[in-house]
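Secondary and tertiary structure notes
Okay, here's what each chain looks like letter by letter:
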Amino acid sequence: MKRKFCLFSFILICLLFQTGCWGFREVDEEAFIMILGLDKGKENLLALTVQIAVPRGMGGGGMGQGGSAAGEQAKPTMTITVECRSILAGLNMLNATLERKPSLAHLKVIVVSEELARQGINAYLTQLLRYFEFRRSTFLVVSRGPAQKLIRQFQPVMENNPAKFAELFMGRQRYVGFIPFGQIHHFYNDLKLITVQPVAMLVSLKEKPPENLPAKEEQSSEGQFYAGQLPLKGGNNIELMGTAVFYQDRMVGVLNGEETLILNLLRGWLKQTLLTIPDPANPKYSISLRIKMERKPRLKVTLNQDRPKIYVRMFLDGEIVSAQSRINYGSPAKLSLLEGELNKLLAEKTQNLISKTQDEMQADIFGFGNKARRLVVTWPQWQKLNWPELYPQAQTSITVKIHLRRFGLLRNINPTGAP
Amino acid sequence: MAFWSGLKELFTFQAPVEQAGEQETPPGQLGQKEKKDQPKEKTRAEKETELLPLSPSPEMPSREPKSRFRLPVRAAAWPKFHAPKTKTEIAQKKIAASLEVNITRLKEIFHLPQNRDIVFRDFSIGTNPPVTAALIFVDGLTDRNLQNSHVLEPLMFLSRLRLDPGPTLLETIMTRLLPGNQAETTDDLNTVVDAILDGSTAILIDFCPKAIFVETKGWEHRTVSRPTAELVIRGPQEGFTETLRVNTALIRRSFHSPDLVTEFIKIGRLSRLNCAVMYVNGLTDPKLAAEVKNRLNHLATDYVGESGVLEQFIEDNTFGFVPQILTTERPDRVVAGLTEGQVALLLEGNPFALLVPATFFALFHTAEDAYIRWPYGTILRFIRLFGFFMATFLPGIYIAVIGYHHEMIPTDLLMSIAAARENVPFPSVVELLVMEFVFELIREAGIRIPGLIGPTLSIVGALILGQAAVAANIISPILIIVVAVTAIGSFAVPNYILNFSVRLLQFIYIFLGAIFGIWGLVVGIYIQLVLLSGIKSFGVPFLAPLATIKQATADVFIRGPVWKQEERPGFLKPQRKQRQPKVSRKWINQPKKGNSNASGK
């Protein structure tokens, strides 16, 4: 009995050791890639730029390092560019100059140059998506210039670690809304469907703002810029604003910050934002509002005589932060006036955005197609319907319902006396 | 199998037959003992011949050339040599009517004159006519003042007073002359011997076939002091001492019920220490009490000196890696256990009580949980469980994550770990094992180190662990944190024995984590859970009430409000299930005028 038990457990232990992958790898045996850049290569198809974290420069080291590396602080990152046929091939080639194994486990951002994006990125992305080290929570951004230049020049001011910059920045944008929510997972999900087209964030190195800035009256919103063109001085040397719109895997157009905000509202990606609009009573002044989504927008698609009609109903919840004109919008009469004005304004902007995607890009980035599925019953009918073709012809009906609330929380909306 | 028995034969001592006769009479003294009941006149030679039938040699002639070796004595045959006392023999040992005979027999039993511990004090009781008597006691175990003033003085001097004579001398002495608070008579010599060894004083009187033994225990002992391992802030501050009677008194002092029963069972065939078995009659599961007594009665070993040894003897799963018996040095803990239906065991000369049966979760309870309000008690338990998990799994998880699952670490943390590791020459596993080993070393040395030089150790330990190893780039600072958290977590485990099991398991999980990663840890936890749920402690599943038996009050993971604990733990199968009625705070149902702020039950 005892002998049998010994034999049994011996075999069991032997079996146990057959299973291990024996992949024990110390953390200092791997090179963690933080940012991956994809450019169109000169000779080959692809110019792959990787930014690798240098732990000693980034972590600062423990107290043990005080003595040895006191003087020169190592650079936090190391950037390598390699011309290759595909991303994984490029990673392999990296090892010609890299002593550690490149690892994608901590990849935070993939930067694709606009040039490459307009060509199509499916071939490169799908390869990554199937690779086990790759995380789908990685952010996808489209760079207006070459990705390599962006990666090499970008050095966040407050952060030592560009990956941390990316994480904080994307998290922050849910409260501003000038860039879409762009993790690769969502991009890939949209890529798989023909009913909705993917979008990505737009990034650029800081350039000179355009000469002809919009006149003051025209500047109805602070979001009407594209990345790289904002009238900003100082700060980090990159700007993220706007959306790169894709049709399938090819980039077909860009949206500015304000349009992106509406896109975020329509897709339910926004937590809250601050909106500044001209005062309806006196356009010289402006009103600042905090806007939240009351609930997700209700979308509906109908078909009359082969022409679809899209119904959008948006429900927003707002709160006046300040009114420069000192008009007490808390009073019921003024309130409905302001609400009506806001509804009109937002509906107009939404209408403009949808028209823009219909006319310029022919890309349904809002997911109306998902709602259009219920117009048909069978798969052949759906194929015959051909939503991507149909979308540009669609009519729209947009209703925005904003409820301004919580006036009670403001002691007095006009602190220095009503006019 | 044949291989093993062959090995065993190789290593077994086999005595030649020539010496067989001498070999087989090692229990010479015992042989003499057994002769007590034989008539006194027998000579030494006769004794020798009587011993012969004990040995197996008669049928095997000793100088037989063809079988030069005899089989070694098997373990099963040992009792034959060591414990010749049977019930009938004991029964035969009656006290003789002659003082001289009794004294001679007792002297023989106690091996006088070599043995100088036992005092025989001859005197005469001052009756008319005087009767010779003798006092027998163990020097040092008795209180000499008590003996002088309460035994010898009345017998020698006060007996001359004019007294109404009783029916017999013995009765007169018992009723009128012996002011000791505990005095008993017996006609059994063994009882007398046991009483003498317990610290009583035996009085033998000529012409009297009975002996008196008076309770005169009075040896040096430690007074009741604070418990050392189970300190609480709120609650009684006394722990058990080495004196059994004091310990039982400590329990009974806070349990004023006539139902509390204390039985004594002698443990150890040589040492014969008293073991008190305490339970509540009418509450404790009678089967449980019977099983405990059964195990104690059938424990065939020479010496059990410590409750820890007793625990190892009577536990169910001797290869298990968790304690299956609750050890405590707090009387209040024992009382709480008794009222729930557990059985308590106290061994003489031992400041630790054993509570059976124990469950896994009871090992995380302390006395204080119940004494403070329930939210705080609950938090304390969570902290302890967290400490247990930390101590068991943290090094394993650390090594698994560091070696296999880099994506699980937040990027910034990964960078600082990697940066700290850059200059460390050893693999993480070696690093971790070295540090754990060094820590175990410090812990062990800290216990063994003489008190005066204790601070030296802590200075050296702290410097080596915290400062020098990191500064010299031998160890990465993150690892120091891991080891420190592990150590602190293991100290949060309230049960000292479980603490050892945690320290052991921790190494197993380090190996699993280093070889198989998180998968190995999961497999390890699974195996551990299977093993744990297979254990039973005195018939109660070890993981009760989590596994197999579900009836439980809110006193397992969390410590519920006291008024809510209406039932005793069902897995202990108490005879009285109800601890208190559904409404224990009776006043809340009383009619009130106006405001009713009653809440709860």
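Residues numbered from 1 in each chain as written. Chains lettered and ligands numbered in written order. Predicted model: local features only at pLDDT ≥ 70, side-chain atom pairs only at ≥ 80, totals over all residues. Heavy atoms only, no water.

In a beta sheet, neighbouring strands pair by backbone hydrogen bonds and run either parallel or antiparallel. Residues and elements named next belong to chain B. On the basis of which strands lie adjacent, the open sheet formed by five strands has the order β6-β7-β9-β10-β8 and antiparallel pairing. At either end of the open sheet lies a strand with only one pairing partner, and these are β6 (260-267) and β8 (326-328). Here the strands of the sheet are splayed against their neighbours by 25° on average, with no regard to which way each runs. Of the strand pairs in this sheet, strand β9 (residues 343-347) and strand β10 (residues 353-356) are connected by four bridges, and their pairing is antiparallel. Note that in β10 the partner of L345 across the bridge is L354. (Pairing = 2+ DSSP bridges. Helix = DSSP H or I, 4+ residues; strand = E, 2+ residues; numbered from the N terminus. Axes fitted to C-alpha atoms, helices over the stretch in contact; angles between N-to-C directions.)

Here the structure, examined in full by the defined rule, presents 21 aromatic pairs over all chains. Considering the side-chain rings of F389 of chain B and F393 of chain B, the 5.8 Å spacing of their centres and the 20° angle between planes classify their relative orientation as stacked. Of this pair, F389 of chain B and F393 of chain B are both found in helix α16 (residues 374-403), four residues apart, which corresponds to roughly one turn of the helix. Among the residues examined, F393 of chain B registers a relative accessible area of 11% and is labelled buried. Each member of the aromatic cluster is reached from another via a ring pair, and the members are F360, F361, F364, F388, F389, F393, Y509, F542 and F557 of chain B. The residue whose ring lies beneath K300 of chain A is Y311 of chain A, and the NZ or CZ to ring-centre distance is 5.9 Å. Against the face of F538 of chain B rests R295 of chain B, its NZ or CZ located 4.1 Å from the ring centre. (Phe/Tyr/Trp six-rings, centres within 6.5 Å; stacked < 30°, edge-to-face > 60°. Buried < 20%, exposed > 50% of the residue type's maximum accessible area, 1.4 Å probe, protein only. Lys NZ or Arg CZ within 6 Å of the ring centre and 35° of its normal.)

It is worth spelling out the environment of G199 of chain B at this point. Checked against the element boundaries, G199 of chain B lands in the loop between α10 (189-198) and β4 (201-205). Sequence separation of G199 of chain B and T127 of chain B is 72 residues, and the distance between their C-alpha atoms is 27 Å.

Another aspect to go through is the pairing of β10 of chain B. All names here are of chain B. Side chains A353 and L355 project from β10 onto one buried face, and the interleaved L354 and V356 project onto a second face that is buried too. Both β8 and β10 contribute to a ladder of three bridges, which runs antiparallel. Its bridge partner lying in β10, T327 is registered against L354. The hairpin formed by β9 and β10 contains five residues between the paired strands, and G349 there has a positive phi angle of roughly 75°.

Residue and element names in this part refer to chain A. Partitioning chain A into domains gives domain 1 (29-55 + 75-210 + 221-263) and domain 2 (271-410). Inter-centroid distance (C-alpha atoms) of domain 1 to domain 2 is 29 Å. Of all residues in domain 1, Y175, T195 and I262 bury the most surface against domain 2, accounting for 30% of the area lost on that side. Summed over the shared surface of domain 1 and domain 2, the number is two salt bridges. Residue K349 pairs with E258 through a salt bridge whose shortest N-O separation is 2.3 Å. Our enumeration of links across domain 1 and domain 2 arrives at eight residue pairs in polar contact (both at pLDDT 80 or more). At five residues, the largest contribution of residues to the side of domain 1 that touches domain 2 is made by helix α9 (residues 257-267). In terms of residue class, the side of domain 1 that touches domain 2 is built from 17 nonpolar, four polar and four charged. (Domains from an automatic or database assignment. Buried area = accessible area lost by both parts, 1.4 Å probe. Salt bridge = Lys/Arg side-chain N within 4 Å of Asp/Glu carboxyl O. Polar contact = N/O pair within 3.5 Å; in protein donor to acceptor, adjacent residues only side chain to side chain. Nonpolar A, V, L, I, M, F, W, Y, C, P; charged D, E, K, R; others polar.)

Residue and element names in this part refer to chain B. Among the secondary structure elements, N247 is positioned in helix α11 (residues 244-253). Accessibility expressed as a relative area gives 0% for N247, which makes it buried. Engagement of the side chain of N247 in a polar contact is seen with the backbone oxygen of T241, the distance being 2.8 Å. Beyond its immediate chain neighbours, meaning those up to four positions away, N247 contacts F240, T241, L346 and N350. (Contact = heavy atoms within 4.5 Å.)

The relative placement of two packed helices comes down to the angle between their axes together with the axis-to-axis distance. Residue and element names in this part refer to chain B. Remark: α16 packs on helix α20 (residues 477-491), axes separated minimally by 7 Å, with the N-to-C direction vectors making an angle of 155°. When the axis of α16 is compared with that of α20, the two are roughly antiparallel. The hand of the α16/α20 crossing is left-handed. Contacts between α16 and α20 involve G387, F388, M390, A391, L394, P395 and Y398 from the former and I478, L479, V482, V485, T486, G489 and S490 from the latter. (Parallel < 35°, antiparallel > 145°, perpendicular 65-115°, else oblique. Left-handed = near helix turned anticlockwise from the far one by under 90°.)

Here we come to the sheet that holds strand β2 (residues 131-138) of chain B. All names here are of chain B. An order of β1-β2-β4-β5-β3 is seen for the five strands of this open sheet, with the pairing classed as antiparallel. At either margin of the open sheet sits one strand with a lone partner, and together these are β1 (118-125) and β3 (183-186). Between one strand and the next, the sheet's axes are offset by a mean angle of 25°, whatever the strand orientation. Direction of pairing for β4 relative to strand β5 (residues 211-214): antiparallel, over a ladder of four bridges. What sits directly across from I203, in β5, is I212. Each of β1, β2, β3, β4 and β5 touches helix α9 (residues 169-177); the most contacted strand, β3, lies at about 160° to it.

According to the stated counting rule, one finds 39 salt bridges over all chains in the structure shown. Among the ionic pairs, E319 of chain A bridges to R406 of chain A, the shortest N-O distance being 3.2 Å. Here R406 of chain A lies in the segment after β13 (395-404) and E319 of chain A lies in strand β12 (residues 307-323), a separation of 87 residues in the sequence. D194 of chain B is the salt-bridge partner of R272 of chain B, the closest N and O atoms lying 3.2 Å from each other. Here D194 of chain B lies in helix α10 and R272 of chain B lies in the loop between β6 and β7 (273-280), a separation of 78 residues in the sequence. With relative accessibility at 33%, the residue R272 of chain B sits in the partly exposed group. Residues joined by salt bridges that share partners form a network here, namely R290, E294, D317, E319, R405 and R406 of chain A.

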